[in-house]
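Residue-level listing of the chains:
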Amino acid sequence: QVQLVESGGGSVQAGGSLRLSCAASGYTYSDYCMGWFRQAPGKEREGVAGIYTGGGSTYYADSVKGRFTISQDNAKNTLYLQMNSLKPEDTAMYYCAADLRDPCTVVPGNEYNYWGQGTQVTVSS
């Protein structure tokens, strides 16, 4: 059974940094797509970053481009999101998700069908 477990969220002041982690288990696919989504209260879910784990292709939403970096450690089956220069508008619940179809899509969207439980990120001004 596919499991995705996020960690690393917390509270930080504007301009600070956080690194989210997502430990994946329960599947043997070596080439797949994983991504990070976020959802703030009263707002639609937003796909902020995605990566093709077989080749390293990445995607970033304009709202985070240049500040967030998605990466992976295939040996540990772990996905990361390094978040720098955080802004209050980055405050949201952040979710790790996977698209295990073949082919998968790097751009995080409705095709992502495996989800973690989420980790809260709060950025204060």
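Throughout, a residue's number is its position along its own chain's written sequence, starting from 1. Selection of residues for local features in this predicted model requires a pLDDT of at least 70, selection of side-chain atom pairs for listing and counting requires 80 or more, and totals for whole chains, interfaces and linings are taken over all residues. Each side-chain value is derived from all of the structure's non-hydrogen atoms; neither hydrogens nor water enter the calculation.

Draft legend 1. Representation of the nonpolar core. Counting 31 residues, the largest nonpolar core has M34, W36, I70, L79, L81, M83 and Y94 as the members making the most contacts within it. We count a stretch as a helix when DSSP gives it H or I for four or more residues in a row; a strand needs E for two or more, and each element gets its number in order from the N terminus. Those elements giving two or more residues to this core turn out to be β3 (18-25), β4 (33-39), β5 (46-52), β7 (68-73), β8 (78-83), β9 (92-99) and β11 (119-124). When checking whether two residues touch, look at their non-hydrogen atoms; a contact exists if any pair is within 4.5 Å. Among residues more than four places away in sequence, those in contact with L79 are L20, S21, C22, M34, G35, W36, I51, I70, S71, Q72 and C96. Within this scheme, the nonpolar core is defined by two criteria: the residues are buried Ala, Val, Leu, Ile, Met, Phe, Trp, Tyr or Cys, and they are joined through side-chain atoms within 4.5 Å. Each residue gets one of three labels from its accessible area relative to the maximum for its type: buried under 20%, exposed over 50%, partly exposed in between, using a 1.4 Å probe on protein chains only.

Draft legend 2. Looking closely at the sheet that holds β8. Two strands qualify as a pair provided that DSSP identifies no fewer than 2 bridges between them. The antiparallel open sheet is built from four strands, whose spatial order is β1-β3-β8-β7. Each having just a single partner strand, β1 (3-7) and β7 make up the two edges of the open sheet. Here the average twist between neighbouring strands, direction ignored, is 15°. Direction of pairing for β1 relative to β3: antiparallel, over a ladder of five bridges. Across the sheet, residue S7 finds its bridge partner in β3, namely S21. Only the contacting stretch of a helix is used when fitting its axis, a line to C-alpha atoms as for every element, and angles between N-to-C directions run 0 to 180 degrees.

Draft legend 3. Region of interest: the pattern of salt bridges. Only one rule defines a salt bridge in this text: a Lys or Arg side-chain nitrogen within 4 Å of an Asp or Glu carboxyl oxygen. Here the structure, examined in full by the defined rule, presents five salt bridges. In this structure, the salt-bridge partner of R67 is D90, at a minimum N-O distance of 2.7 Å. Residue R67 is located in the loop between β6 (58-60) and β7, and its partner D90 is located in the loop between β8 and β9; the two are separated by 23 residues in the primary sequence. As far as burial versus exposure is concerned, R67 and D90 are alike and both buried. Taking the shortest distance from any N to any O, the salt bridge between D99 and R101 comes out at 2.9 Å. The class of D99 is buried, set by a relative accessible area of 0%. A single salt-bridge network, built from bridges that share partners, covers R38, E46, R67 and D90.

These figures capture arrangement, not role.
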